[in-house]
Amino acid sequence: MGCVHGKCCTRYPSSSDGDSGRHGEVRPYRNKHILTQRSLELVPVPSHNFTLQYSILTQHGYYPDTVERENQDSFCIKTQIQGNPNVHFFGVFDGHGQYGAQCSNFVKDRLVEMLSSDPTLLDDPLKAYTAAFLATNSELHNSEIDDTMSGTTAITVLVVGDTLYVANVGDSRAVIAVKDGNRILAENLSNDQTPFREDEYERVKCCGARVLSVDQVEGLKDPSIQNWGDEESQGGDPPRLWVPNGMYPGTAFTRSVGDSTAEKIGVIAVPEISVVRLTPNHLFFVVASDGIFEFLPSQTVVNMAAAYTDPRDACAAISGESYKLWLEHENRTDDITIIIVQIKGLSNAGAVGTDSRVDYRPMIMRSVKEALDVSSVSESETYGSVRSDLSDTQQSCQHSVSMNRSAAIVVPSPMHQRPLQLDVG
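Residues numbered from 1 in each chain as written. Predicted model: local features only at pLDDT ≥ 70, side-chain atom pairs only at ≥ 80, totals over all residues. Heavy atoms only, no water.

**Quick notes on the pairing of strand β15 (residues 282-288)**
Inclusion rule: With a 1.4 Å probe rolled over the protein chains alone, any residue whose accessible area is under 20% of its type maximum counts as buried; one over 50% counts as exposed, and the rest are partly exposed. To qualify as a helix, a DSSP run of H or I must reach at least 4 residues; to qualify as a strand, a run of E must reach at least 2; elements of each kind are numbered from the N terminus. Between any two strands, pairing holds if DSSP finds at least two bridges.
Among the seven residues in β15, six count as buried, and that is most of the element. Where strand β8 (residues 173-180) meets β15, six bridges bridge the pair, whose relative direction is antiparallel. Note on β15: the bridge partner recorded for Ala 177 is Phe 284.

This is the structure we're talking about:
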């Protein structure tokens, strides 16, 4: 959704970040897809004897008044992090503001570089992930890029063996498809960080932000009414963050990398991290900018992706539908970026050589059990959403809010929702 001034779009090269990891270890099909202009790529995860098959599509937004604007979205696919054949990274970065393209490209490069150079990554992925985000944010502040009113969201997935670590800052999203009988269900791996969320609303208000829609700021609606409904019905004029005595920055998200002005009113770069252990029922996951999810619910995205055996076809279909819906609702489109990663060949007996330095299942279960009683939650349903500790300066404006969350929580599974019925064989 970005800042109130809209998105500056930049044309992005067709390579994966430009860094698709160690190409000698990734096996692309030779023929390029007619729409995505990409080869279908595969990367093995030998520790658990399965394969990731993936593709990416990024679409320049349509802005009729500024057609020369660049695509502000960027992405990074980096395989074999630290030379480990079982560790792979997928990320989408949605820039905003005048220098949004520069911000998103800076962050997609530096974040994965920091993860790759952190010797504690496999010993404590949660701590390493948080440290990488905060250090990248600090470097962006100190770089030659003016991030006063510009920045980027970041939705990233780190695959470590059969475990996903999903770190999110902002309102892009990751979703995983779960087979349940004859249905395929969408489970969000991240929660959009916007003022629609009560916890995020309270946090930024405590930091001094005014939270108002554009109509409220302009006097067309009562600013004392601090209730905007839900994001799906009120997305056209969402609540935004403003300094106490000014008409800026107008961000519709509550977390980002960069945005040094918004940082003063509670917009932080601390990621929310989810941990998921893959099972044979996990079919694929999607990592995408809000250009995809603005008008397409997660379940619809999963339904569409499940209809195609080739992830390149799925990327093209979902992007095309998103583009069409943007033009039906507005006179422009957002930049659109989507990665689809299919999980091939994972079985319950697939583990053949897990990294001896870290026992992933006990680590995840310990973090959850220390936070709350999960005796009623089965191991296969455990979904830890880890809210990382903030730095001292970022915590200073939060102490008066009753938000003393545990290190990890179990997020209720959306298995109780009523998705569309699909014939999956």
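Here the narrative resumes, following the displayed structure.
**A word on the packing of helix α1 (residues 100-117) against helix α2 (residues 125-141)**
Put simply, the test is: Think of each axis as a best-fit line through the C-alpha atoms, taken over the contacting stretch in the case of a helix, with angles from 0 to 180 degrees between the N-to-C directions. In these notes the angle categories are as follows: under 35 degrees is roughly parallel, over 145 is roughly antiparallel, 65 to 115 is roughly perpendicular, and the rest is oblique. Left-handed describes a crossing whose near helix is turned anticlockwise from the far helix through less than a right angle; right-handed describes the clockwise counterpart. The criterion used for residue contact is that any of the two residues' heavy atoms lie within 4.5 Å. Gly counts as polar in this scheme, as do all residues outside two lists: the nonpolar Ala, Val, Leu, Ile, Met, Phe, Trp, Tyr, Cys and Pro, and the charged Asp, Glu, Lys and Arg.
Packing of α1 against α2 leaves a shortest axis separation of 9 Å and a crossing angle of 140°. Between α1 and α2, the crossing angle belongs to the class labelled oblique. Where α1 crosses over α2, the two elements pack in a sense that is right-handed. Within the contact between the two elements, α1 uses Cys 103, Phe 106, Val 107, Arg 110, Leu 111, Met 114 and Leu 115 and α2 uses Ala 128, Tyr 129, Ala 132, Phe 133, Ala 135, Thr 136, Glu 139 and Leu 140. Looking at the contact of α1 with α2 residue by residue, the classes come out as twelve nonpolar, one polar and two charged.

**Observations regarding helix α9 (residues 311-329)**
What counts is decided by this rule: Multiply 1.5 Å by the residue count of a helix minus one, and that product is the helix's expected span.
Spanning 19 residues, α9 covers 27 Å between terminal C-alpha atoms, matching the ideal 27 Å at 1.5 Å per step. Restricting attention to buried positions, one finds in α9 the residues Pro 311, Arg 312, Ala 314, Cys 315, Ala 316, Ala 317, Ile 318, Ser 319, Ser 322, Leu 325 and Trp 326. In the core, the buried residues of α9 are packed alongside β3 (50-59), α7 (290-293), α8 (298-306) and β16 (336-344).

**Here's the deal with the nonpolar core**
For clarity, the threshold we go by: Only buried residues count toward a nonpolar core, which is a set of Ala, Val, Leu, Ile, Met, Phe, Trp, Tyr and Cys residues joined through side-chain atoms within 4.5 Å.
Residues Phe 89, Tyr 129, Phe 133 and Leu 158 are the most contacted members of the largest nonpolar core, which totals 31 residues. Listed by contribution, the elements that provide at least two residues to this core are β5 (87-96), α1, α2, β6 (151-160), β7 (163-169) and β14 (272-277). Counting residues per element, this core draws most heavily on α1, at seven residues. For Leu 158, the contacting residues outside a window of four places in its chain are Ile 81, Val 87, His 88, Phe 89, Leu 121, Tyr 129, Thr 163, Leu 164 and Tyr 165.

**Quick notes on the packing of α8 against α9**
With their axes 8 Å apart at the nearest point, α8 and α9 run at an angle of 140° to one another. When the axes of α8 and α9 are compared, the pair comes out oblique. Two packed elements cross with a definite hand, and for α8 against α9 that hand is right-handed. Here Val 301, Met 304 and Ala 305 of α8 come into contact with α9, specifically with Ala 314, Ala 317, Ile 318 and Glu 321.

**Quick look at the confidence of the model for the protein chain**
Quick reminder of the rule: How sure the predictor is of each residue is captured by pLDDT, a score from 0 to 100.
The predicted model of the protein chain averages 80 in pLDDT, with 72% of residues at 70 or higher. In this model, residues 5-30 is a region of pLDDT below 50 whose contacts with residues beyond four sequence positions or in other chains number 90 contacts.

**Regarding the sheet that holds strand β12 (residues 249-251)**
Taken together, the three strands give an open sheet; going across it, the order is β10-β11-β12, and neighbouring strands pair in antiparallel fashion. Each of the sheet's edge strands pairs with one partner strand only, and the pair in question is β10 (210-212) and β12. Averaged over all pairs of adjacent strands, the angle between their axes in this sheet comes to 30°, without regard to strand direction.

**Some remarks on the side chain of His 96**
Note the threshold: In protein, a polar contact requires one atom able to donate a hydrogen and another able to accept it; more generally it is a pair of N or O atoms within 3.5 Å, and residues adjacent in sequence count only if both atoms are side-chain atoms.
Structurally, the position occupied by His 96 is in strand β5. A relative accessible area of 1% places His 96 in the buried class. There is a polar contact of 2.6 Å between the side chain of His 96 and the side chain of Asp 259.

**Here's the deal with the packing of aromatic side chains**
How two aromatic rings sit relative to each other is set out by the distance from centre to centre and by the angle between their planes. We apply this condition: Classification of ring pairs uses Phe, Tyr and Trp, with its six-membered ring standing for Trp, and accepts pairs whose centres are within 6.5 Å; under 30 degrees between planes counts as stacked, over 60 as edge-to-face, and the remaining range as tilted. A ring is scored as having a charge over it whenever the NZ atom of a lysine or the CZ atom of an arginine sits within 6 Å of its centre and within 35 degrees of its normal.
As enumerated under the stated definition, the model contains four aromatic pairs in all. Measuring from ring centre to ring centre gives 5.0 Å for Phe 295 and Trp 326, while their planes differ by 85°; the resulting arrangement is edge-to-face. With Phe 295 in the loop between α7 and α8 and Trp 326 in helix α9, this pair connects stretches of sequence that are 31 residues apart. By relative accessible area, which is 3% here, Trp 326 ends up buried. Across the ring face of Phe 293, the terminal group of Arg 173 is positioned such that the distance to the ring centre comes to 4.5 Å.

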